[in-house]
Amino acid sequence: MCYLYICSSFTSAVSILAHKLPLKIKTKIYDLGMSNEHSPLLTYGLFSVVGDPSGSGSVSGQQGVGTATPGNPPSSPRSLNTFFGVIVPTVLSMFSIVLFLRTGFVVGHAGLLQSLIMLGVAYVIISLTVLSICAISTNGAVQGGGAYFMISRSLGPEFGGSIGLMFYLANVCACGVYILGLVEAILDIFGQDPGSSVSEGVRVLPQGYWYGVLYSSVVLLVCLLVCLVGAQIYSRASFLILLVVTVSLLSIYISPLALGPRDFTISHQGGIANSTIVYNTSYTGFNRTTLRNNLGPGYSLDYSTNSVMTFATVFAVMFNGCTGIMAGANMSGELKNPSVSIPKGTIIAVVYTFFVYLFLFLLVSSTCERVLLIQDYGFFRRINVWPPFVIIGVYCTSLSAAMSSLIGASRILHALSLDQLFGRPLAPATITSSSGNPWVSVLYTWALVQCVVFAGQLNSITSLVTVFYLLAYAAVDLACLALEWASAPNFRPTFQFFSWHSCLLGIMGCVVMMFVINPVYSSASIALLLLLLLFIHYRAPTSSWGYISQALIFHQVRKYLLMLDVRKEHVKFWRPQVLLMVSNPRSSCQLITFVNQLKKGGLFVLGHVQLGDLDTLPSDPIQPQYNFWLSLVDKLGVKAFVDLTLSSSVRQGTQHLLRITGLGGMKPNTLVLGFYDNCVPEDYFLQDPAFCEEVCGRNGGGGDNFGVDLPSLQAHFPPVRNMESPRWLSPDEYVGMISDAIKMGKNVCLGRYFFQLQGEMSSASQTGEERTIDVWPLNLLRPENSGYVDVCSLFLLQMACVLNMANRWRNARLRIFLCVEAESGDQGWMAKEETLRDLLGKLRIRASIKIVAWDAVVKLYTGGKERRAATPGGGDVGEGDLGGWARSPPGVSEDFLAAVNSLVMEHSALAAVRFLYLPRPPAGSSQSQRYLAQLEAITRDLGPTLLIHGLTPVTCTDL
């Protein structure tokens, strides 16, 4: 209750304040609160070093009058209700030319039974899609762009943009189909063709291919002029058109009751030597014999294309009468309440048109002979009580469907241009008139439709249009299916009459019918879709709409993480899962990249500890930093997670990260630290071209930076420390971190000189020398423990082998150094070599063994004799004695350390990277500085070196 009271008080305070603020400031408050879901793609930086000095937050650059910018889209008036904005355009688009000019074509070729099957399949597909449209449109506010807006905001910019463009092309082609159908109807009445099937009419229009293109262009120009005036004019006129079409339909239904049987003679020009073919047929009225003869299929030659029809070609033509279900959704930008109007109006329109087509199929098959249906597309004029009813109906439906497609396509293109998915080619399409009409998008669409009308014949492009529409419908079903499967809490549509079953059936139906209609067009359209997906994925800037892929990935990963049982782990499938602690990425980028190659498909986490106490801070300083670290990961191209924490000390923060990083079976088993020394680190940001601003500018500056541009990324991470800079980490704390990790059962790696790794790799590639990975599996600080088969030594071998399997290290040669006392006269080292060689064979590790005599080095070591004397029985000190650090400081002189360093440098001077045995740290903090000094001495000037202490059994010789 307290929380609700606070929220209510805050809301009231903001409301009172908003009334007293200037209009500009009010607008800013509204934008901050409401732009998260409906904002376009983010092409600006959320974190910018150079701010807006005016504080206006405006987009830089001049914007012309009437230009819709991504951050400030035009506020087009919303004046259409459900009936005028959805029902009327949807009904007219679904009737189109099929109602008056192709009903006889469908029934005549397919027969009544197959026609009803086609009608049922078509309406099942569109009904399932309508359910998905209703679900998506009632899950939030719908903006302009209709189907494109719903798909893009559900599936993300890649899928939404590609499907949106395909749906745009479908509307363009459909507009061309309706124009060609209208011209066909006009020429059927007024054409000069002597083979015309109509004996009456004023035949003044010459016919031919180019004349047909000319007439289509004139009709298209009329549609263009209407669309340039605005959608409101069309919506008002469309109601009158619907009344005219309704009267025409009523005249068709009434005519069989008023007219008796009659005979007709139909002639077509064609056949041999372009002769005239004459057909005698009749209209019988309601007749049982006529119905029986029209039940079965009778596929034959189509007189307009001179090709034999099939089920697929006829279904493609018939389905064009069902493709107008998106007409209302395309008008979403002009609707008062799209979330209510789109589902309600679309369902009413679909049900209405279904019964109109059903009754019309039954009427035609019962009253007309098959020859009449097949050989005369405009036969309704012959059997009507007043033929002009049908002529007016054909002209009205074709013209309104063409204008609906032209307007809908222009709105989709305008939405695509506002989202900047395709860059500069569509940039002018953002321009609108003062009333919000996207007139440039209308001109773009008009030009493309003009290209479509060059097809010349309606039936020749219906298959392509149908394939495009089916693909768009499948995408809508896929969007709804993905939202349902993602189980996102915010997917709560008010329309509940759908399920994932309906979405899946809709997708399957659309895809199957695509390939039934035309496999070539279907394959080509899917290939085009994939190309658009790739183009937008790599070209488009970051989206603020939300990615459905992220929700689906989360849903699946959660399930698989629950299945990843730590109790079922086996050494055969072990892999390194690394937590790399990073103080400043400027000096650690090479080590980050190296560990990325060392992880072998395992977990890789970049950890960072910020010193502080949350009790003394106004807010958590960690959360805003994640974007910068994730941008760093993207820049480096590594596959790593980021985990940051706030703690009073680095040691305590590292403990936290070791315990809580990861989930389930994906938790770090290895801690990697940079080496603690007095070297002044180099700034990697000044060396890598990826962090140079001019290079990024040359590449275009786009991409998925998620609000973090390069200058802000460079400014976020502090400069590297110099000799005068204070150290935030003491030697005792650093050694304590190593000790803590070992106590927690984690393997530990210390990396030194990895800032030289890039130089080592480039020099080796330039000189052509073979790179080597050198492994020293012996504890060099404990010569008396000369075993090579303990857990830590085997861990070194495994890590070196893992590195050797990485792509960049695959050609490197692995060398293992076996240190022996050759002058002692004891030939036991030969047995050790044979044992090691046999072990490498069992472990399938390809490596060469190098024998190194270190008698001179061992002579300088005094710790072994002292320890043997101090140990009862004179036995060797085992791993459980903490490497000799727990009881007394080891007798390791500086001469011995220098000799060990010289020995390693002599044999591994040219190695690309060295793996050395890391002794256990001392139990007491008093020996920490001495421990670090000894590690520093044996690794001094060696080049890239990884000191490793392994606790986990990682090798297996079994199958």
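Residues numbered from 1 in each chain as written. Predicted model: local features only at pLDDT ≥ 70, side-chain atom pairs only at ≥ 80, totals over all residues. Heavy atoms only, no water.

A. Quick peek at the overall build of the protein chain. When helices and strands are counted, the protein chain shows 32 helices and 14 strands. Burial analysis of the protein chain (959 residues in total) assigns 52% to the buried set. Taking the intrachain contacts of the protein chain between residues at least 6 apart in sequence as the baseline, contacts between residues at least 24 apart amount to 82%. When the accessible surface of the protein chain is totalled, it reaches about 42,800 Å², and 62% of it is carbon and sulfur. (Helix = DSSP H or I, 4+ residues; strand = E, 2+ residues; numbered from the N terminus. Buried < 20%, exposed > 50% of the residue type's maximum accessible area, 1.4 Å probe, protein only. Contact = heavy atoms within 4.5 Å. Areas by Shrake-Rupley, 256 points an atom, 1.4 Å probe, with all protein chains shown as cover.)

B. Molecular detail of the pairing of strand 6 (residues 604-611). Most of strand 6 is tucked away: six of the eight residues are buried. One ladder, built from four bridges, connects strand 5 (residues 578-581) with strand 6; its direction is parallel. Across the sheet, Leu580 pairs through a bridge with Leu606, a residue of strand 6. Where the polypeptide runs from strand 5 across helix 20 (residues 589-598) and back to strand 6, its parallel neighbour, the crossover connection is right-handed. Of the pairings in the sheet, the one linking strand 6 to strand 7 (residues 641-647) comprises seven bridges and is parallel in character. (Pairing = 2+ DSSP bridges. Right-handed = clockwise from strand over helix to strand, strands pointing away.)

C. Main features of helix 17 (residues 500-517). Across its 18 residues, helix 17 extends 26 Å between first and last C-alpha, which sits within 8% of the 26 Å expected from 1.5 Å per residue. Among the residues of helix 17, Ser502, Cys503, Gly506, Ile507, Gly509, Cys510, Met513, Met514 and Ile517 are the ones counted as buried. Buried positions in helix 17, seen along its axis, are confined to an arc of 165° and lie on one side of it. Summarising the geometry of helix 17, the exposed residues directed more than 90 degrees from the buried face are Leu505 and Val512. If you follow the buried residues of helix 17, they end up packed against helix 4 (98-137), helix 10 (311-319), helix 16 (462-486) and helix 18 (519-539). (Expected span 1.5 Å × (residues − 1). Arc of directions from axis to C-beta.)

D. Quick peek at the nonpolar core. Ranked by internal contacts, the top residues of the largest apolar core, which has 153 residues, are Leu99, Ile126, Val245, Met318, Ile325 and Met326. It is helix 4 that provides the largest number of residues to this core, a total of 20 residues. Among the nonpolar cores identified, the runner-up in size contains 66 residues, and Tyr626, Ala640, Cys792 and Leu803 belong to it. (Core = buried A, V, L, I, M, F, W, Y, C linked by side-chain atoms within 4.5 Å.)

E. How the structure looks around the sheet that holds strand 14 (residues 945-949). On the basis of which strands lie adjacent, the open sheet formed by ten strands has the order 7-6-5-8-9-14-13-10-11-12 and mixed pairing. The sheet is open, and its two edges are formed by strand 7 and strand 12 (848-853), each paired on a single side. Each adjacent strand pair in this sheet contributes to an overall mean axis angle of 25°, direction not counted. Each of strand 6 and strand 7 is contacted by helix 21 (residues 626-636), which is oriented at about 145° to strand 7, the strand it contacts most. Running over the sheet, helix 32 (residues 928-939) touches strand 9 (747-752), strand 13 (913-917) and strand 14 and is turned about 55° from strand 9. (Axes fitted to C-alpha atoms, helices over the stretch in contact; angles between N-to-C directions.)

F. A look at the layout of surface pockets. Of the volumes computed, that of the second largest pocket is approximately 1,400 Å³. Val582, Ser583, Asn584, Ser587 and Arg721 are the residues nearest the centre of the second largest pocket, which is lined by 45 residues in total. Going through the elements one at a time, strand 5, helix 20, strand 6, strand 8 (670-674), helix 25 (731-743) and strand 9 are the ones with two or more residues in the lining of the second largest pocket. Broken down by element, the residue count for the lining of the second largest pocket peaks at four residues, all from strand 6. (1 Å grid on protein atoms, 1.4 Å probe; cavity = no way out; pocket = protein on both sides within 12 Å on 5 of 7 lines; lining within 4 Å. Points joined across faces, edges and corners; volume = space filled by probe spheres on them.)

Geometry only, nothing functional implied.
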